[in-house]
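Remarks on the overall topology
Each chain, letter by letter, is given below.
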Amino acid sequence: MSGESPSWDRRERWAWAALLLVALALRLWDLGSRAYHHDESIHGHFSWELATRGIYTYDPVYHGPVQYFMVASAFLVLGDSDVTARLPAALGGVGLVAMAMLLRTRFGRAAAWASGALLAVSPNLLYFTRFCREDVWNLLGTFGLFLWLDRWWRTRRVADLALASIWGAVAFASKENFYVLGALMVPSVLAAVWEPGRGFPAFAKIRSLLDVLERHGAAILGALFLFFTLSEVAYTFFLVHTESGNPVFLAISYWWGQHKVERVGGPPTFYLPRILQYEFALVLPALAWIVVRARRFSPAERFLAALALSSVAMYAYLGEKTPWLIVHQVLPFVPLAGAAWARVCESRTGTLALALPAAAATLLAALSLSFWNPLLSPAHPRAESVVFTQTSPELMPVVAEVLRHGATGEDPAAAVYGEAVWPLSWYLRRLPVYWATPNPGSRPPFVIVDDTKAAEVQRQLGGDYLLQEIPLRVWWVPEVSLSPLRPTPGELLRYLFTRRPWNPVGSQNVAVLTRPDVARRAAP
């Protein structure tokens, strides 16, 4: 590893430009076509309310304010749409790739570019940076915090420390797993200060820390003040809601409760097969690099190795199991994997035998997840294991019909009650919608309710509405057992190569009741 930043040559500049263009194209292509996930519709709707009505209050259920500020800003500049709600996250994903350039000093040119390539085509990072979610802002904040702290450690420039503070505030005000990151600092910092052959020279390390505090105490205090100031401004919505000025208690109490009840639970091994299925080119080389070189690691490498391994262990322990948390586990592996691939590609044999096949397999997995099979439907024979649950494509023609009829000005344009409130609150945000079952005597053009309420509502409407039952949300929970063996080797291989699931997908259905005159006009 070099101590000075390597100079840039023409070839390297072109390589980074090409990589950033690929990352941008992958994140912008066909960005708005996939139906909005339940969570996306909430984030989009709350951002729209912020942009149009100036309303925002922090609630740990829906995560931190940074995402809402970014999406609302996009709405104000570009208008609100399915594309513009996802656009900030997509651009944030490109920014994450660009940040890998700062790894050049620590890891060298080739390792930095390889890290950027891994960030660009990682199947999970690509998929979840094409989502209107908060995870990308937490990733950017975390990556930026450590990169600029590392720069400050080498340069002692106050500007680098200030930038680290700003990125830390972004991470803190984005997602509550910042507190998980704080807990993971204990093993990570201990690993960084541990020295092979010498163990932990406590007295020398404490003396070094005191020297740093003595020389740079004012700068460190200023950075902490900047961090807390920015965080307070964000969480209180520019001091409008001072009751949110201490988000720590709200966040930890809520999410620790979710951990204990396992609202979205799963076994401790939930993430491992999904990480291996999609992130094999990222995690396996990093693990090999740790095994082969651990005793020659620098403090920075020991920090990353401990952070990566403890992240996987921590998220296996936590009761909330959702696929988007995979991206927070794989991020610390990236620089180590980049260093490993840089070493492999020093030889032509390594490039041809390992790097190119791994790159091709990763790209195919990324394309499958984000473009070929991002939807779930009982009518669709394929499923991705990290598409946790997804709004079905069958809902979109109904949305189009309601919007088309809503242009006539009828009030209400629809009555919606039950599970369909999300995502329809996003899709029907500009229409007058009655968000309950219809009152007696009311005959709205469309009524959308849970399938269990269909018969009751049909009687209330007079019995003449056209009834259609469609899947609203669809999920695939892979069945895994030893007796009987599921999946069998054949089922598993078929799934890996075709994405055909070995057990059926499940769905939550809704009833769409259409008034007879509207149904006749809509008929071809």
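The structure we're discussing is the one just above.
The following paragraphs examine the structure supplied in this document. (Residues numbered from 1 in each chain as written. Predicted model: local features only at pLDDT ≥ 70, side-chain atom pairs only at ≥ 80, totals over all residues. Heavy atoms only, no water.)

1. A word on the overall build of the chain
Each helix and strand counted, the chain has 23 helices and six strands in total. Since a compact globule built from 524 residues should have a radius of gyration of about 24 Å, the 25 Å found for the chain is in line with a globular shape. Each of the three principal axes of the chain carries a C-alpha extent, and together these read 80 × 60 × 50 Å. With 524 residues in all, the chain has 52% of them scored as buried. For the chain, the proportion of contacts with a sequence separation of at least 24, taken over those separated by at least 6, is 76%. On the chain, the mean spot of the 46 positive side-chain charges and the mean spot of the 39 negative ones are 9 Å from each other. (Helix = DSSP H or I, 4+ residues; strand = E, 2+ residues; numbered from the N terminus. Rg over C-alpha atoms; globule rule 2.2 N^0.38 Å. Buried < 20%, exposed > 50% of the residue type's maximum accessible area, 1.4 Å probe, protein only. Contact = heavy atoms within 4.5 Å. Lys, Arg positive; Asp, Glu negative; His and termini not counted. Charge placed at Lys NZ, Arg CZ, Asp CG, Glu CD.)

2. Points about the nonpolar core
L119, F143, L336, L424, L428 and I448 are the most contacted members of the largest nonpolar core, which has 126 residues in total. Residues contacting L424, with those up to four places away along its chain left out, are L395, V399, V416, R429, W435 and I448. Membership of the second largest hydrophobic core comes to nine residues, among which are A415, V457, L461 and Y465. (Core = buried A, V, L, I, M, F, W, Y, C linked by side-chain atoms within 4.5 Å.)

3. What to know about the sheet that holds strand β2 (residues 414-416)
Overall, mixed pairing links the six strands, which are arranged β1-β5-β6-β4-β2-β3 in an open sheet. In this open sheet, the two edge strands, each paired with only one partner strand, are β1 (389-391) and β3 (433-434). Here three bridges tie β1 to strand β5 (residues 466-475), and the two strands are oriented antiparallel to one another. Bridge assignment links Q390 to a residue of β5, and that residue is V474. (Pairing = 2+ DSSP bridges.)

4. Comments concerning the environment of F146
Tracing the chain through its elements places F146 in helix α8 (residues 135-155). Separated by 248 residues in sequence, F146 and E394 place their C-alpha atoms 44 Å apart.

5. Concerning the pairing of β5
As defined by bridge partners, β5 adjoins strand β6 (residues 506-514) across nine bridges and the pair is classed as antiparallel. Paired with L467 across the bridge in β6 is L513.

6. Some words on the pattern of salt bridges
Should the charged atoms of two oppositely charged side chains come close, the side chains can pair. This structure, assessed with the given rule, holds 28 salt bridges. With a closest N to O distance of 2.3 Å, R430 and D80 form a salt bridge. Of this pair, R430 sits in the loop between α20 (421-427) and β3 while D80 sits in the loop between α3 (66-78) and α4 (82-99); the two residues are 350 residues apart in sequence, bridging distant segments of the chain. The class for R430 is exposed, based on a relative accessible area of 58%. (Salt bridge = Lys/Arg side-chain N within 4 Å of Asp/Glu carboxyl O.)

7. Quick look at the packing of aromatic side chains
Under the criterion given, the structure shown has 32 aromatic pairs. Between the aromatic rings of Y56 and Y68, the centroid separation amounts to 5.5 Å while the plane-to-plane angle is 35°, which identifies the pairing as tilted. Taken together, the residues Y56 in the loop between α2 (38-53) and α3 and Y68 in helix α3 connect sequence positions twelve residues apart. In this structure Y56 comes out as buried when scored by relative accessible area, which is 7%. On the accessibility criterion, Y68 (1% relative accessible area) is buried. (Phe/Tyr/Trp six-rings, centres within 6.5 Å; stacked < 30°, edge-to-face > 60°.)

8. Here's the deal with the side chain of S41
The residue S41 is located in helix α2 in this model. With sequence-adjacent residues up to four places away left out, S41 is seen in contact with Y36, W422, P423 and W426.

9. As for the side chain of R86
Within the secondary structure, R86 sits in helix α4. Excluding anything up to four places from it in sequence, R86 contacts L31, G32, S33, R34, A35, Y36, E40, R130, F131 and C132.

10. What about unusual backbone geometry?
With an omega of 0°, the peptide bond between D411 and P412 qualifies as cis. Checked against the element boundaries, P412 lands in the loop between α19 (395-406) and β2. With an omega of 25°, the peptide bond between W422 and P423 qualifies as cis. Phi is positive for H63, which is not a glycine, with a value near 70°. Non-glycine residue L239 carries a positive phi angle of around 70°. Topologically, L239 is positioned in the loop between α11 (202-235) and α12 (247-261).

11. What to know about the packing of α4 against α8
Two numbers describe how α4 lies on α8: the axes approach to 9 Å, and their chain directions differ by 25°. As the angle between them shows, α4 and α8 are arranged roughly parallel. Relative to α8, α4 is oriented so that their crossing is left-handed. Where α4 abuts α8, its residues P88, A89, G92, G93, G95, L96 and M99 lie against V136, W137, L139, L140, F143, G144, L147 and W148. Looking at the contact of α4 with α8, its residues break down into eleven nonpolar, four polar and no charged. (Axes fitted to C-alpha atoms, helices over the stretch in contact; angles between N-to-C directions. Parallel < 35°, antiparallel > 145°, perpendicular 65-115°, else oblique. Left-handed = near helix turned anticlockwise from the far one by under 90°. Nonpolar A, V, L, I, M, F, W, Y, C, P; charged D, E, K, R; others polar.)

12. Some details on α12
Between its terminal C-alpha atoms α12 stretches 21 Å, which fits the 21 Å expected from 15 residues at 1.5 Å a residue. Of the positions making up α12, those classed as buried are P247, A251, W255, G257, Q258 and H259. Packing partners of the buried residues in α12 comprise α9 (158-172), α10 (178-193), α11 and α15 (299-317). Looking one or two places after α12, you find E262, whose phi comes out positive at around 50°. (Expected span 1.5 Å × (residues − 1).)

13. As for helix α1 (residues 10-28)
Across its 19 residues, α1 extends 27 Å between first and last C-alpha, which sits within 8% of the 27 Å expected from 1.5 Å per residue. Residues of α1 that are buried in the fold lie against α4, α5 (104-107), α6 (109-121), α7 (123-128) and α18 (348-372).

14. Thoughts on a nonpolar patch on the surface
On the surface, a nonpolar cluster with roughly 380 Å² of combined accessible area is contributed by V186, L190, W194 and F200. If you trace the backbone, V186 turns up in helix α10. Its relative accessible area of 51% is what places V186 among the exposed residues. (Patch = residues over 30% accessible without salt bridge, like charges linked within 9 Å, V, L, I, M, F, W, Y side chains within 5 Å. Areas by Shrake-Rupley, 256 points an atom, 1.4 Å probe, with all protein chains shown as cover.)

15. Digging into the pairing of β6
Both strand β4 (residues 446-450) and β6 contribute to a ladder of five bridges, which runs antiparallel. Its bridge partner lying in β6, I448 is registered against V512.

The quantities given are spatial measurements derived from coordinates; they are silent on function.
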